[in-house]
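# Summary of structural features
The residues making up each chain are set out below.
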Amino acid sequence: METSRGKRKRSAPKDQEAVNPTELEDILIDILDKDIDKEDIDDSDHDPDYLEGSDHATDTNQSDSENNDLTANTSTSSASNGNLVGGDIPTDDGNNLQRGRNLFYFGRRTKEMIKKNVSGFKWKKEFPNQAVRTRRENIVTQLPGLKAHASNLGDNPEVIDVWKLLFTQDIIDEILLWTNKKIASIRPRYKNPTSFIHDADYIELYGFIGLLIYSAVFKSGNESVDSIFATDGTGRELFRCTMSKERFLFLLHALRFDNPDDRDDRKKDVKEASISNIFYKFIENSQLCYTVGTSCCVDEMLVPFRSRCSFKMYLPNKPAKYGLKIQCLTDAKTNYLYSAYLYTGKGSDGRGLTDQDQKLLKPTQAVIRLTESIEGTNRNITADNWYSSIELVEELRRRGMTYVGTLKKNKTEIPVSFQPNRCREENEALYGYTENMTLLSYVPKKSKAVILVSSMHHGPGTDETINKPEIIAEYNRTKGGVDTVDQMCSNYSTQRRSRRWPMAIFFALLNISAGVNAFVLYKAYKNTPDMNRLEFMKVLAKSLVSPLLQKRLDRGHHVTEEMKLAIKRILQIQDPLPVPDNKKSFSKIN
């Protein structure tokens, strides 16, 4: 006899105790499958109206062990209260079966688990006892704010001094060293002596960086250099006064960040060797200056780049689509970039981790690498469903951190009754518990469900401000740290078109340092003037170019009178008033 789904109906066994456990499982699956129209079920990984996620279209996707073939128990349960749980059930006598139904939800089983007669991941239906003191993992002892390295500047430091905490002298030294070496190597190409092929110095390098920041302020990243340096009244007078157009283009071409002689040897171990010293020194400086808050966000950032690079990525959900991927950890409240590394292909997520850690899933390795500097601080990590797994939650807990994030619905640990189901009511929340984590399935709209896991929450709770579960409220509050940094950098970007990928990373470091991290540090001091981010970047850029403007003014004979007047106007220097001749004035009176 065929059912409406084309399956043969199995008759119930007369003797329950004599039934094979696998056959009993198939019977329950058929009962759960009956009369359910799967076309009405939205099995998307997230509902954009309530939760945001990102598809990480890279070869760091989770290993195949995450997506083992599932048996027929992937069908959706029609019992939203969980009393009948499709999929994995205790394969024991009837008493144990009934007890399992009443006390637990069970995750789905793979074929391998069924062969070994292993039950699925078990979640308690009842939440743990709440009459206990605050759990140790929710107590953060390190308060967020400035560290001693940054506090030494006092209560009201200059903007440029705060920025130099991140772009320290050793970074500038390295850039200047290899840039001048590049200039020396290309100088013989110019047969006729010119004024723009000389070596750079500190004042000029700072002035060049200042002009790049000014280009971000003016949003001139995509504007041609000819237009910026135009002398017909349509260009930027500030740029012409700081340096010539030829010198600006020459420095853009000659800028280098590492020793080219041993680069090929270093690239065997570190593909990003062309800028790795600068990049990771900047991250180290960022960690020396600031302590992040109680919640951090992990996500990816895409630096736009379309020219040749062996680890260039294509991420269709990002505005730029093509570029270089940086895995980032930021403060969820202030958006301060605290830790990051450049993704350079397979194996780069686990670089520097122990052999044991490198056996974990690739997304788990990425989070562990980013959170090494805050292990044991009881901080919470928020990430989307590409990173999330039960393995990651347990690893972070072992390292003294909690986790909140969305889960992909193909995870075997998720019970069938937690999946999208047209029979579940809107705004319904279904919880499962273990000793250390909570699983939530929430129905934002009919036939949809979002699934989250948290080791920060240990019971049901509703946020009264949005009338949704606390886990969702916490996720929404803390999920956008990296995306906000990405948006802030794109609003005021120093990025200029270049065929060299190290330049793209250098522009990204300038964006983050000038427009995000230095601004967060400046706002953390007690007595600094109140200013917005645009004003901060203007003050910083002027502080960087002013010494070079003054140097050009002092040289005199190399600068036209018209440009001298412009420089004085920019530096707000007023010529002294002429002093009257006292003798002539006295004779006139007489």
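### With respect to the side chain of Arg109
Turning to its location among the elements, Arg109 is positioned in the loop between β1 (104-106) and α3 (111-115). Since its relative accessible area comes to 2%, Arg109 is described here as buried. Here the side chain of Arg109 touches Val118 through a polar contact of 3.1 Å, landing on its backbone oxygen.

### With respect to the nonpolar core
The biggest cluster of nonpolar side chains holds 130 residues, and the ones touching the most others in it are Trp163, Phe167, Leu324, Ile381, Ile505 and Phe506. Examining the composition of this core, we find that 17 residues originate from one element, helix α17 (residues 501-524), more than from any other. Sequence-distant contacts of Ile505, that is, excluding residues within four places in its chain, are made with Ile275, Phe279, Val303, Leu324, Ile326 and Leu342. In this structure, Tyr433, Val450, Ile472 and Tyr475 belong to the second largest nonpolar core, which totals ten residues.

### Side note on the layout of surface pockets
Empty space within the largest pocket amounts to approximately 700 Å³. If you trace the largest pocket, you find 30 residues lining it, with Leu302, Pro304, Ala320, Ser490 and Ser493 closest to the centre. Of all elements in the fold, only β5 (295-304), α16 (481-491) and α17 reach the threshold of two or more residues within the lining of the largest pocket. Taken together, the residues of the lining of the largest pocket sort by class into 13 nonpolar, ten polar and seven charged. What the second largest pocket holds in volume is close to 510 Å³.

### A few points about the packing of helix α12 (residues 276-289) against α17
At a minimum axis distance of 11 Å, the contact between α12 and α17 shows a crossing angle of 5 degrees. In terms of axis orientation, α12 runs roughly parallel to α17. Side by side, α12 and α17 meet where Ile278, Phe279, Phe282, Ser286 and Cys289 of the first sit next to Ile505, Leu509, Ile512, Ser513, Asn517 and Leu521 of the second. Within the contact of α12 with α17, the residues separate by chemical class into eight nonpolar, three polar and no charged.

### A word on the packing of helix α6 (residues 169-186) against helix α10 (residues 245-254)
When two helices pack together, their arrangement is given by the angle between the helix axes and the distance between those axes. Viewed as axis vectors pointing N to C, α6 and α10 meet at an angle of 105 degrees, and their least axial separation amounts to 9 Å. Taken together, the axes of α6 and α10 lie roughly perpendicular to each other. Contacts between α6 and α10 involve Thr179, Lys182, Ile183 and Ile186 from the first element and Phe250, Leu251, His253 and Ala254 from the second. For the contact of α6 with α10, the residue count by class is five nonpolar, two polar and one charged.

### A word on the pairing of strand β11 (residues 429-433)
Burial of β11 is extensive: four of the five residues sit out of reach of the surface. Pairing of β11 with strand β12 (residues 438-442) involves five bridges; the strand directions are antiparallel. When the sheet's bridge partners are listed, Tyr431 is paired in β12 with Leu440. Adjacent in sequence and paired antiparallel, β11 and β12 are bridged by four residues.

### Some words on unusual backbone geometry
In the Ramachandran plot, Asn117 falls in the positive-phi region, its phi being about 60 degrees despite a non-glycine side chain. Relative to the elements of secondary structure, Asn117 occurs in the loop between α3 and β2 (122-124). Given a relative accessible area of 46%, Asn117 falls into the partly exposed group. Even without a glycine there, the phi angle at Asn467 is positive, about 55 degrees.

### Re the confidence of the model for the protein chain
Confidence along the protein chain averages 82 in pLDDT terms, with 78% of residues attaining 70 or more. Every residue in residues 1-55 scores below 50 in pLDDT, and together they form 100 contacts with partners more than four places removed in sequence or on other chains. Note on residues 58-98: pLDDT is under 50 here. Beyond four places in sequence and across chains, it has 111 contacts.

### Digging into helix α19 (residues 561-571)
Owing to its 3.6 residues per turn, the α-helix brings residues three or four apart onto one side. Looking only at α19, the buried set comprises Met563, Lys564, Ala566, Ile567, Ile570 and Leu571. Along the axis of α19, the buried residues cluster in a sector spanning 165 degrees; they form a single face. Of the residues in α19, the exposed ones pointing more than 90 degrees away from the buried face are Glu561, Glu562 and Arg569. Close packing links the buried residues of α19 with α9 (237-242) and α18 (533-555). Gln572 occupies a position one or two residues after α19 and carries a positive phi of about 60 degrees.

### Overview of the environment of Thr294
On the secondary structure map, Thr294 appears in the loop between β4 (290-291) and β5. Thr294 gets classed as partly exposed once you look at its relative accessible area, which sits at 46%. Linking Thr294 and Ile381, residues 87 residues apart in sequence, is a C-alpha distance of 8.9 Å.

### Observations concerning the pattern of salt bridges
Following the criterion strictly, the structure yields 25 salt bridges and no others. Two residues, Lys268 and Asp265, come together in a salt bridge whose shortest N-O distance is 4.0 Å. When the shortest N-O distance is used, the salt bridge between Glu272 and Arg351 registers 2.8 Å. You can see Glu272 sitting in the loop between α11 (263-267) and α12 and its partner Arg351 sitting in the loop between β8 (337-342) and α13 (362-370), a full 79 residues away along the chain. On the basis of relative accessibility, which here comes to 1%, the residue Glu272 falls in the buried class. Salt bridges sharing common partners tie together Asp357, Glu375, Glu395, Arg398 and Arg399.

Definitions and cut-offs
Residues numbered from 1 in each chain as written. Predicted model: local features only at pLDDT ≥ 70, side-chain atom pairs only at ≥ 80, totals over all residues. Heavy atoms only, no water. Helix = DSSP H or I, 4+ residues; strand = E, 2+ residues; numbered from the N terminus. Buried < 20%, exposed > 50% of the residue type's maximum accessible area, 1.4 Å probe, protein only. Polar contact = N/O pair within 3.5 Å; in protein donor to acceptor, adjacent residues only side chain to side chain. Core = buried A, V, L, I, M, F, W, Y, C linked by side-chain atoms within 4.5 Å. Contact = heavy atoms within 4.5 Å. 1 Å grid on protein atoms, 1.4 Å probe; cavity = no way out; pocket = protein on both sides within 12 Å on 5 of 7 lines; lining within 4 Å. Points joined across faces, edges and corners; volume = space filled by probe spheres on them. Nonpolar A, V, L, I, M, F, W, Y, C, P; charged D, E, K, R; others polar. Axes fitted to C-alpha atoms, helices over the stretch in contact; angles between N-to-C directions. Parallel < 35°, antiparallel > 145°, perpendicular 65-115°, else oblique. Pairing = 2+ DSSP bridges. pLDDT = per-residue confidence, 0-100. Arc of directions from axis to C-beta. Salt bridge = Lys/Arg side-chain N within 4 Å of Asp/Glu carboxyl O.

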